[in-house]
Amino acid sequence: MHLKRRGKEDDDEAGCFAPRVAATMFGCVGCFWVLLSSALVAVCTFGFISPAWIVTEQLRTDNLHHGHRHKKESVSFGLLWHCSESPDHTYRCYRTFGGLGKFAEIASTSWQTSAALCSGGCALLAVGSLLAVVGVFLPGGGCERRFCALAGYTQMAAVFIMAAGLLVYPLGLNSSLVRSFCGDSHVYDAGECRMGWGYMLAVVGVMLTLFLPFFAKYAPKEQASPTPLPALL
């Protein structure tokens, strides 16, 4: 009596929901991939909605009874929010550069493009993270490989879209709004302003996201016959 060994082709033909006696333990690479994907979704989202993409300090003059007092006031703004320091040393933020139903109020066309790319890429990254979670919980086999490969594709596309949004953003530094805060600013030159922690956080998040597609290649629990990343068929 001859027993046929179940191979990769049999798993692919059986489909995702075929019964099998396969180990469903979580792989170390898969778990790390899911945790990193979820963390980077949070980092990129927080960076994109941050109001501290460009930061500057303005000199404010207070009229007093015995003269004038000059004081520096911190001002920062991003794609959707504008924050300024109030006299009581607290920050007040206003949704002046966009928001729900006010996309046309974003300062420049370049920033509108950057907002669309960054938000779209971040949403795609969240979809890739969700696919990674589903793939890790699947039993080893063809279905798991397909989910991991699809998640890798999605995360790779998200990287390029978000990176394009970050590169487009400095093109709007020559707008009249930015010049009113930053003086003689030009494309890729912030003038008297400086790039804030929000923009830097978004850049770091996108750079780390570059590693996610590589983890997707080794996330499946069965690595008997390595396949190129990603291989959907």
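Scroll up for the structure.
Residues numbered from 1 in each chain as written. Predicted model: local features only at pLDDT ≥ 70, side-chain atom pairs only at ≥ 80, totals over all residues. Heavy atoms only, no water.

Some words on the packing of aromatic side chains
In this structure the tally under the stated criterion is seven aromatic pairs. Geometrically, the ring pair formed by Phe48 and Trp53 is tilted, given 6.3 Å between the ring centres and 50° between the ring planes. Across the pair, Trp53 and Phe48 agree in class, each one buried. Among the aromatic side chains, those forming a connected cluster through ring pairs are Phe48, Trp53, Trp111, Tyr169 and Tyr199. (Phe/Tyr/Trp six-rings, centres within 6.5 Å; stacked < 30°, edge-to-face > 60°. Buried < 20%, exposed > 50% of the residue type's maximum accessible area, 1.4 Å probe, protein only.)

Here's the deal with the environment of Asp184
Within the fold, Asp184 resides in the loop between α5 (176-182) and β5 (194-195). Taking relative accessible area as the criterion, Asp184 reaches 54% and is therefore assigned exposed. Between the C-alpha atoms of Asp184 and Leu173, which are 11 residues apart in sequence, the distance is 9.6 Å. (Helix = DSSP H or I, 4+ residues; strand = E, 2+ residues; numbered from the N terminus.)

Here we look at the nonpolar core
The biggest cluster of nonpolar side chains holds 39 residues, and the ones touching the most others in it are Trp33, Phe48, Trp53, Ile54, Trp111, Met162 and Leu166. Among the elements that make up this core, the one with the highest residue count is helix α3 (residues 109-137) (eight residues). (Core = buried A, V, L, I, M, F, W, Y, C linked by side-chain atoms within 4.5 Å.)

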